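# Remarks on the overall topology
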Amino acid sequence: MEIFHISAECYPMAKVGGLADVVGALPKYQTNAGHKVRVVVPCYSTKFRKENDFECVHWGSVKLGNFDFPFSVLKETTNKLGYELYLIEINELFDRPNVYGYEDDIERFLAFQIASLDWILMREDVPNIINCHDHHTGLIPFLVKYAYKYEKLRSIRTVITIHNGLYQGWFGFDKIHYLPEFDLIHVGFLEWNNSLNSLAVGIKCAHAVTTVSPSYLNEINIAANGLETLFNSVRNKSKGILNGIDFEVWDPSKDQMLAHNYSIDTFEIGKQKNKEKLCEEFELDPTKPLFSFIGRLFEEKGGDLLPQASALALSENFENINILILGSGNSVIEEQLVQLRNDYKGNYNVFIGYNEELAHLIYAGSDYILMPSRVEPCGLNQMYALRYGTVPIVRRTGGLRDTVIDFGDNGNGICHDQASVGDICYSINRAVRLYEDKLNFNKIIKIGMATDHSWERVCQEYIEIYNLIIEKNEV
Ligand SMILES: Nc1ncnc2c1ncn2[C@@H]1O[C@H](COP(=O)(O)OP(=O)(O)O[C@H]2O[C@H](CO)[C@@H](O)[C@H](O)[C@H]2O)[C@@H](O)[C@H]1O
């Protein structure tokens, strides 16, 4: 079948977080399974865009009210990512260094969605499936069904995959005239809580809704930033599919970003060498257990708990541990984390910013990865950690609940229930004791490294959903 993934992010073209990893990998495995898969993302001015060759396959113009935005569709010429990658080039809106965070984000992603559909409309073949990802592409299922100009695309079945239901892309009805014309009888699909809510539109109009883990699907039926009742009402077309990880990109035996490669048979020496490199770079002590955090520094990730939890854990353990943090986000949290350096020099450090290479080295060189998330739709860090022989310490929520089992229950990690400083420190103290029991510690590492979270295993679940909605052929 022919499948389009339309998304705001795709690794390695543009990555802010886990959305990019999923959209960068799932299509490759769907292609390997014999499908024709194309990925469409905006043309930001990223390193990948500058360093690779693209050809123009289409051009046109998007009208948003009184504004006209000329656009081109660029195709990556080599297909080296394992699928066809297309960029929607609208220089006025996307030739910027960041993916998100601009005042005109609503206009940017509206234009992106319309340009993508305009191009698909002009192609000879009509795809079977459009898989949208998060609110940036949430209007597509509505437009495909109801916009007059996309009449020819009505046979396409649409899926919306929810990676993060907190962000919903709301805007006022004063911008409704930006949308291509449709019969106003359908306007109710656009409304949620008196505004136009892109994610809600996608959930209402897509033929299927997927979340990135089964537990997250259960949770958003109870708490979903205002969309709970909507999720309840679409339960019969929803499914939680646990994310996979790209076993080719994330392979400690081949990863070029590591100081030393290793496998399940050589992890002890291999991990120690990576740890030494990290400790040298960040002035930490390689003889002590290393606890790390990688991620966006926001409350949903438990980022606000990190400064106090780090200070308390370091004090309680008489500085017999190392803590290393890589991330960026809330500036207050960033500042607090930077301040801590003065108090715990030699055992604590932080890198504020985004650094893909450093992230790989941290997964390899750490003993534990901390994930104190309040909300975690799936979480990829714990899966990367497991593959790299690093024991995850997680709060039981969302996908973390589905992938990490406490070692007390013969599992692969350490779990706690509350998003609190006390619970994080309790887990760190358990981890310190576990680290001293080398036999048991190594056994848990091996359980983690042997776990198969590859997309190869998971990608069929998406195909099953696609087949189901194609067979049903509902309007
Ligand atoms: N400062 C930094 N430097 C380098 N790398 C960094 C970094 N900060 C984050 N990363 C990387 O970004 C990715 C984060 O992925 P996650 O899935 O954990 O969270 P995210 O909230 O972005 O994704 C959302 O979508 C994904 C995909 O569905 C869900 O797993 C998740 O729960 C949901 O919140 C990982 O590859 C991580 O290594």
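Note that this is a predicted model, so its numbers are computed, not measured.

## Some details on the UniProt feature "domain: Starch synthase catalytic" (unreviewed entry) in the protein chain
Here the UniProt-annotated "domain: Starch synthase catalytic" (unreviewed entry) positions come out as residues 3-230. The distance from the first to the last C-alpha atom of residues 3-230 is 26 Å, and the span holds 29% helix and 26% strand.

## Let's talk about the domain arrangement of the protein chain
Split by domain assignment, the protein chain resolves into domain 1 (2-246 + 456-472) and domain 2 (267-452). Here domain 1 meets domain 2 over a buried area of about 1700 Å², counting both sides, of which 57% is carbon and sulfur. The interface formed by domain 1 and domain 2 contains 1 salt bridge. As a salt-bridge pair, K15 and E356 come within 3.4 Å of each other at their nearest N and O atoms.

## Structural notes on the sheet that holds strand β10 (residues 195-197)
Ordered in space as β8-β10-β9, the 3 strands form an open sheet in which the pairing is antiparallel. Of all the strands in the sheet, just β8 (170-171) and β9 (191-192) have a single pairing partner and so form its edges. Relative to β10, β9 runs antiparallel, the two sharing 2 bridges. From the neighbouring strand, E191 faces β10, where its bridge partner is L196. Where helix α6 (residues 198-205) meets the sheet, it contacts β8, β9 and β10, and its direction lies at approximately 60° from that of β10.

## Digging into the nonpolar core
Core analysis: the biggest nonpolar cluster contains 86 residues, and F291, I325, Y348, Y363 and Y368 have the highest contact counts within it. Viewed by domain, this core spans two of them, domain 1 (2-246 + 456-472) and domain 2 (267-452), each represented by three or more residues. Excluding anything up to four places from it in sequence, Y363 contacts W250, K271, I294, I369, N381, Y384, A385, Y388 and T390. Of all hydrophobic cores here, the second largest spans 77 residues; its members include C10, I90, W192 and L230.

## Describing the side chain of R387
Relative to the helices and strands, R387 resides in helix α13 (residues 381-387). Looking at R387, its side chain comes within polar contact range of the main-chain oxygen of F247, at 3.2 Å. Beyond its immediate stretch of four places on either side in the chain, R387 contacts I245, F247, W250, D251, P252, G448 and M449.

## Observations concerning the site of the ligand
Around the ligand, 28 residues are found, and the nearest of them are D21, H163, R296, E376 and G379. Y363 places a polar side-chain atom, nitrogen or oxygen, 2.8 Å from an oxygen atom of the ligand. Relative to its unbound accessible area of 720 Å², the ligand is 97% covered by the protein chains. Contributions of two or more residues to the shell around the ligand are made by α1 (18-32), β13 (290-297), β14 (322-329), α12 (356-365) and α13. Among the elements that line the shell around the ligand, the one with the most residues is α1, at 4 residues.

## As for the pattern of salt bridges
Going through the model one piece at a time under the given rule, you end up with 24 salt bridges. A salt bridge links R108 to D105, with the nearest nitrogen and oxygen atoms 2.8 Å apart. Here R108 pairs with D105, and both are found in helix α4 (residues 105-122), just 3 residues apart, close to one helical turn. Its relative accessible area of 0% is what places R108 among the buried residues. We note a salt bridge from D118 to K149, for which the minimum N-O separation is 3.0 Å.

## With respect to unusual backbone geometry
Residue P12 follows Y11 across a cis peptide bond; omega there is 5°. Mapped onto the fold, P12 is located in the loop between β1 (2-6) and α1. In this structure, N473 is a non-glycine residue whose phi angle is positive, near 55°. With respect to the helices and strands, N473 occurs in the segment after α17 (455-472). Looking at N473, the relative accessible area reads 53%, which means it is exposed.

## Re the sheet that holds strand β16 (residues 368-371)
Think of a sheet as strands paired side by side through backbone hydrogen bonds, with each pair either parallel or antiparallel. Reading across the sheet, the 6 strands line up as β15-β14-β13-β16-β17-β18 and stay open at both edges, with parallel pairing between neighbours. Looking at which strands have only one partner, the edges of the open sheet turn out to be β15 (348-352) and β18 (414-416). Here the average twist between neighbouring strands, direction ignored, is 15°. As paired elements, β13 and β14 share 8 bridges and run parallel to each other. Among the inter-strand pairings, R296 is bridged to a residue of β14, identified as S328. Strands in contact with helix α11 (residues 331-343) are β13, β14 and β15; relative to β15, the strand with the most contacts, it is inclined by about 145°.

Conventions used here
- Residues numbered from 1 in each chain as written.
- Predicted model: local features only at pLDDT ≥ 70, side-chain atom pairs only at ≥ 80, totals over all residues.
- Heavy atoms only, no water.
- UniProt positions renumbered as here; feature names shortened; annotations may be inferred.
- Helix = DSSP H or I, 4+ residues; strand = E, 2+ residues; numbered from the N terminus.
- Domains from an automatic or database assignment.
- Buried area = accessible area lost by both parts, 1.4 Å probe.
- Salt bridge = Lys/Arg side-chain N within 4 Å of Asp/Glu carboxyl O.
- Pairing = 2+ DSSP bridges.
- Contact = heavy atoms within 4.5 Å.
- Axes fitted to C-alpha atoms, helices over the stretch in contact; angles between N-to-C directions.
- Core = buried A, V, L, I, M, F, W, Y, C linked by side-chain atoms within 4.5 Å.
- Buried < 20%, exposed > 50% of the residue type's maximum accessible area, 1.4 Å probe, protein only.
- Polar contact = N/O pair within 3.5 Å; in protein donor to acceptor, adjacent residues only side chain to side chain.
- Near = heavy atom within 4 Å.
- Areas by Shrake-Rupley, 256 points an atom, 1.4 Å probe, with all protein chains shown as cover.

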